[in-house]
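A closer look at the structure
Here are the chains, one letter per residue:
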2 protein chains.
Amino acid sequence: MTTLPAGGGAAALLAACRLVSTDPEERARASVDRSGYVPGGVPDGIVYAESVDDVVEALRLATRYRVPIVPRGAGTGLAGGSSATAGNVVLDVSRMNRILSIDPVEQQAVVQPGVLNAEVNAAASRHGLFYAPDPASTAICSIGGNVATNAGGMWCAKYGVTRESVLSLQAVLADGRILTTGRNTIKGVSGYDLNALLIGSEGTLGVVVEATLRLRPKPLRTATVAAYFADAAAAAQAASAIIAARVQPAILEFIDGGTLAAVDAMMGTGHAIRGNAFLLAQTDGYGALLEQQVLVEAITPFALSIEQTDDDARAAELVAARRNAIPALQLLGRVSIGDIGVPRKRLAEAVAGLAEISARTGVKIFVIAHAADGNLHPMVVVGHDESITEGPAKAALGEMFHLARRLGGTLTGEHGIGVLKQDWLKEEVGGLSLELQHKIKAAFDPLGILNPGKGI
Amino acid sequence: MTTLPAGGGAAALLAACRLVSTDPEERARASVDRSGYVPGGVPDGIVYAESVDDVVEALRLATRYRVPIVPRGAGTGLAGGSSATAGNVVLDVSRMNRILSIDPVEQQAVVQPGVLNAEVNAAASRHGLFYAPDPASTAICSIGGNVATNAGGMWCAKYGVTRESVLSLQAVLADGRILTTGRNTIKGVSGYDLNALLIGSEGTLGVVVEATLRLRPKPLRTATVAAYFADAAAAAQAASAIIAARVQPAILEFIDGGTLAAVDAMMGTGHAIRGNAFLLAQTDGYGALLEQQVLVEAITPFALSIEQTDDDARAAELVAARRNAIPALQLLGRVSIGDIGVPRKRLAEAVAGLAEISARTGVKIFVIAHAADGNLHPMVVVGHDESITEGPAKAALGEMFHLARRLGGTLTGEHGIGVLKQDWLKEEVGGLSLELQHKIKAAFDPLGILNPGKGI
Ligand SMILES: Cc1cc2nc3c(=O)[nH]c(=O)nc-3n(C[C@H](O)[C@H](O)[C@H](O)COP(=O)(O)OP(=O)(O)OC[C@H]3O[C@@H](n4cnc5c(N)ncnc54)[C@H](O)[C@@H]3O)c2cc1C
Ligand SMILES: Cc1cc2nc3c(=O)[nH]c(=O)nc-3n(C[C@H](O)[C@H](O)[C@H](O)COP(=O)(O)OP(=O)(O)OC[C@H]3O[C@@H](n4cnc5c(N)ncnc54)[C@H](O)[C@@H]3O)c2cc1C
């Protein structure tokens, strides 16, 4: 038996690793993500990995000393997935932040996990390419975290989520062995799809240390439409009309009146006076202008006013309204960010259902949505000193989930289960599915080292 | 202990199931798929499932009596995946062939597994929609088989393979329990992606009994280009030029000269006299004509002649050349259909490498390819009485695989491992990946009832 220093396995691991911190402030910071969830304690320490070897070393030690490891990217998660508490060691990979290569001909990038999403896009841009999954947090979230949560974003309406843009991964398993999944080719069916299995597994199956990303040619042109509506119902009807009109917007975002006002307050913009609900649509590619025309015709019957632009600067301003929606609401209080998904045609019902929940419970709910995918972010805002993981906020979260289920939808469209949504997972996926998921977890990580209590 | 009738478990199962056959001719037919692989024997019998209950019943009995079950759709597989031998019972789901519902607003279809791919498209078409993954075998292959192999097709260049169009599945596990995977919504990240895990699992994890498919609006218009080249190298260069020109063809198919001649012989067409290699490209959507223009400019330096059309009937004729390529070659002899994938930019090298293998081994190799994805089908043609699973044909298969690996590619782009490609799977995915895959298999099917010896 190994003799452990006082403090047990975590202390032994921290003593043996190259770059660690047990500084109380750093531990406090590493105990939370951006979900607002505050665990009971703080982790015993942080290992900063600068290389694959560092990750392997940390996980070998974790297995030897049986230390629960919380993988951490940029800590911007919204489900408590990278939150950590006493007894945990955080494995922070944010310093593994190099773009290893970009192949402009094959349209691929190979990156380390700590690279920020926006950095990949900046680098791709120099070759006329882009990386499609663009969370609103693009400037602050990491590719490793994106992979672990199967992150979505605005462009996903047309280009799919992270899963559709990750060709191959390298991940270190709990015992330190290195697994490669996927391949360098667009297509391939050799064996089970372990690549898709890792994507969205929230750090519970392996620590992503390298990703091969699919880049795409930047669209020839984009055309942007901003439409204002008297109420959310009209905007939701307009979104359905767009889908029925058979155009494929690259972006289709919904923002409600309350959120618009919060954005205006933060940004000094003037959206809210133009309507009580907002749709932002962007078409792109060779047919962008034609598609824009069809889209505008489809929504005209529902809108108060419609602004069309193909000026990039003005388009960026309009997109910024959506990107800043969450931070703007966070100025109003503590925010619990919902993330339900419903069939696209039920968007209007979902919005109405959320209003009903708010009216009945007295909890303030703002709504933004990736409208083309039926992915809504109902934002519960409480006072800065109130809890969002207990009491009315938690109850509202439960009600939202049941609303989503009633409409044939899901608990989480893109943020993941983390710790915050565990109560409802089984109800959604069923006991048999969960049983199989736990068996898969046991196959990858028999000792339960990686992110225990998260995700499944 | 259960007392088994003579003949063991298979006989007991066949005695207890509702609709079975032990007719020698039917068993012989059910022993093979379209790969040319001929197992040593024939299955003990066939269970014809007409309902989910029939499948549940058969698998419960299979578990009780420990009978290896080979799930079978339309039997058009090209890897021996649905081949069956002595001791096996074939579970044929081709009679579960109803389209259960189509939701034109949500753009979804719910179908039974035995529905043919082309039937889904015919039904979707009545609502102005289409189902994107369109194998060349569309008229004869089933959706269940498509799911089990993660089938690809021509339109996958733009719209992705089966995985990108299957939202949700119902599958019966080996013990008769019914698993639901995925969801009705476009996005969702609750738990591990068991949906993607089932897709491409070649009948080894569960029997698919229902699928919810994503349909898409039929493109407003399509524009078709047929280009003829002096040789395969020029055509491959043209394909690369298209990718470099940043257009996204919906279809980009390559056919070599020998295959063109075979197609001409079968169809009475006149392709081969126009060149020794052929590219078929189709652009679609609002920008189809603009994209066609850019595409034609990109390939002009390489082509002998280029035909452009936006006439649907003429386009269908050109597409038929590709759809009939495999049957045409099968008139020449027994065909072993390769299915390698390489990075897109290495298409020309792959074609040259195949020519070199052919020259060195004396084995005839024809080549067709989904050029936009780097997915090549090298077709080894031997005499009608020669083996394609042993001797030179098998050796050529091995060489092709190593060629694909040297070019950074994969053993199989879309047909699967089946029995034919097992020898090389470990070399491609690695021992650790295979170990995990076997653990997943054991989690789903601990007794090894489902399609033993296939896929992984
Ligand atoms: C203002 C704001 C806007 C947002 N908008 C969106 C949006 O539009 N769409 C969206 O999908 N999300 C959004 N998010 C949520 C968040 O940015 C994403 O979930 C993101 O993918 C998390 O990345 P991260 O690097 O911050 O991960 P972290 O928070 O560090 O971790 C998230 C999860 O991934 C795991 N993890 C992290 N790195 C690795 C790794 N290398 N290997 C294995 N596991 C790892 C962690 O254990 C944890 O379970 C938003 C967040 C904020 C604050
Ligand atoms: C002329 C020709 C052209 C072709 N072109 C293409 C092409 O372009 N792209 C392509 O991808 N393929 C192509 N194929 C191969 C073949 O059509 C596909 O692999 C197809 O998906 C197989 O479907 P099937 O119903 O015939 O399956 P089967 O051959 O019956 O079975 C294939 C595999 O799936 C499993 N299976 C079948 N049904 C189920 C079920 N319900 N549940 C679980 N497992 C099941 C079987 O066990 C087996 O492992 C072609 C074949 C031919 C003959």
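Residues numbered from 1 in each chain as written. Chains lettered and ligands numbered in written order. Predicted model: local features only at pLDDT ≥ 70, side-chain atom pairs only at ≥ 80, totals over all residues. Heavy atoms only, no water.

Residues and elements named next belong to chain B. By nearness alone, 35 residues border ligand 2, and Pro-71, Thr-76, Gly-77, Ser-137 and Ser-142 come closest of all. For ligand 2, an oxygen atom lies 2.8 Å from a polar atom in the backbone of Gly-75. At a separation of 2.9 Å, a nitrogen atom of ligand 2 approaches a polar side-chain atom of Glu-414. Those elements giving two or more residues to the shell around ligand 2 turn out to be β3 (69–72), α5 (143–149), β10 (207–214) and α12 (325–330). In terms of residues, the shell around ligand 2 owes the most to one element, α5, which gives five residues. Of the residues in the shell around ligand 2, the class split is 14 nonpolar, 17 polar and four charged. When residues of the shell around ligand 2 are assigned to domains, at least three map to each of domain 1 (8–92) and domain 2 (99–217). (Near = heavy atom within 4 Å. Polar contact = N/O pair within 3.5 Å; in protein donor to acceptor, adjacent residues only side chain to side chain. Helix = DSSP H or I, 4+ residues; strand = E, 2+ residues; numbered from the N terminus. Nonpolar A, V, L, I, M, F, W, Y, C, P; charged D, E, K, R; others polar. Domains from an automatic or database assignment.)

All names here are of chain A. Mapped onto the secondary structure, Asp-33 falls in the loop between α2 (24–29) and β2 (45–48). Comment: no salt bridge for buried Asp-33; closest opposite-charge side chain is Arg-72, at 6.8 Å. Here the side chain of Asp-33 touches Gly-80 through a polar contact of 2.7 Å, landing on its backbone nitrogen. In this structure, Asp-33 is in contact with Gly-75, Gly-77, Leu-78, Ala-79, Gly-80, Gly-81 and Ser-82, ignoring residues within four places of it in sequence. (Buried < 20%, exposed > 50% of the residue type's maximum accessible area, 1.4 Å probe, protein only. Lys, Arg positive; Asp, Glu negative; His and termini not counted. Salt bridge = Lys/Arg side-chain N within 4 Å of Asp/Glu carboxyl O. Contact = heavy atoms within 4.5 Å.)

Let's shift gears to the confidence of the model for chain A. A low pLDDT score tells you not to read the predicted coordinates there in detail. Mean pLDDT over chain A: 95, with 98% of residues reaching 70 or higher. Both confidence scores are given for the complex: pTM 0.96, ipTM 0.95. (pLDDT = per-residue confidence, 0-100.)

Residues and elements named next belong to chain B. Over its 16 residues, helix α14 (residues 391–406) runs 23 Å from end to end, which matches the ideal 22 Å to within 8%, given 1.5 Å per residue. Those residues of α14 that sit buried are Ala-393, Ala-396, Leu-397, Gly-398, Met-400, Phe-401, Leu-403 and Ala-404. On the buried face of α14, the contacting elements are β16 (334–337), β17 (340–341), α13 (347–361), β18 (364–370), β19 (375–382) and α15 (422–429). Positive backbone phi, approximately 80 degrees, marks Gly-408, located one or two places after α14. (Expected span 1.5 Å × (residues − 1).)

This part covers unusual backbone geometry. In this structure, Asn451(A) takes a positive phi of about 45 degrees despite not being glycine. With respect to the helices and strands, Asn451(A) occurs in the segment after α16 (431–444). Although it is not a glycine, Glu202(B) sits at a positive phi angle of roughly 55 degrees. Locating Glu202(B) in the fold gives a position in the loop between α7 (194–198) and β10.

Attention now goes to the environment of Ala84(B). Its place among the elements puts Ala84(B) in the loop between β3 and β4 (89–92). The spacing of Ala84(B) and Asn150(B) is 66 residues in sequence and 21 Å in space, taken between C-alpha atoms.

The full count for this structure, using the stated rule, is zero disulfides over all chains. Free cysteine Cys141(A): the closest other cysteine sulfur is in Cys156(A), separated by 11 Å. (Disulfide = S-S within 2.5 Å.)

The next thing to look at is the packing of helix α15 (residues 422–429) of chain A against α16(A). Residues and elements named next belong to chain A. One can describe the packing of α15 onto α16 by two numbers: an axis separation of 6 Å at closest approach and a directional angle of 115 degrees. For the element pair α15 / α16, the angle class is roughly perpendicular. Residues Leu-425, Lys-426 and Val-429 of α15 pack against Gly-431, Ser-433, Leu-434 and Gln-437 of α16. Per-class residue counts for the contact of α15 with α16 are three nonpolar, three polar and one charged. (Axes fitted to C-alpha atoms, helices over the stretch in contact; angles between N-to-C directions. Parallel < 35°, antiparallel > 145°, perpendicular 65-115°, else oblique.)

Under the UniProt annotation, "domain: FAD-binding PCMH-type" (unreviewed entry) lies at residues 39–218 of chain A. End C-alpha to end C-alpha, residues 39–218 of chain A measures 42 Å, and it is 22% helix and 25% strand. (UniProt positions renumbered as here; feature names shortened; annotations may be inferred.)

Our focus in this paragraph is the site of ligand 1. Residues and elements named next belong to chain A. Close to ligand 1 lie 34 residues; Pro-71, Gly-73, Thr-76, Ser-137 and Ser-142 are nearest. With respect to ligand 1, the side chain of Ser-137 contributes an N or O atom lying 2.6 Å from an oxygen atom. Contacts to ligand 1 include Asn-451, whose side-chain N or O atom sits 3.1 Å from an oxygen atom. For ligand 1, the accessible surface in isolation is 970 Å², of which the surrounding protein chains cover 98%. Of all the secondary-structure elements, those providing two or more residues to the shell around ligand 1 are β3 (69–72), α5 (143–149) and β10 (207–214). The element that contributes the greatest number of residues to the shell around ligand 1 is α5, accounting for five residues. Tallied by class, the residues present in the shell around ligand 1 amount to 13 nonpolar, 17 polar and four charged. Residue-level mapping places the shell around ligand 1 at the junction of two domains, with at least three residues from each of domain 1 (8–92) and domain 2 (99–217). (Areas by Shrake-Rupley, 256 points an atom, 1.4 Å probe, with all protein chains shown as cover.)

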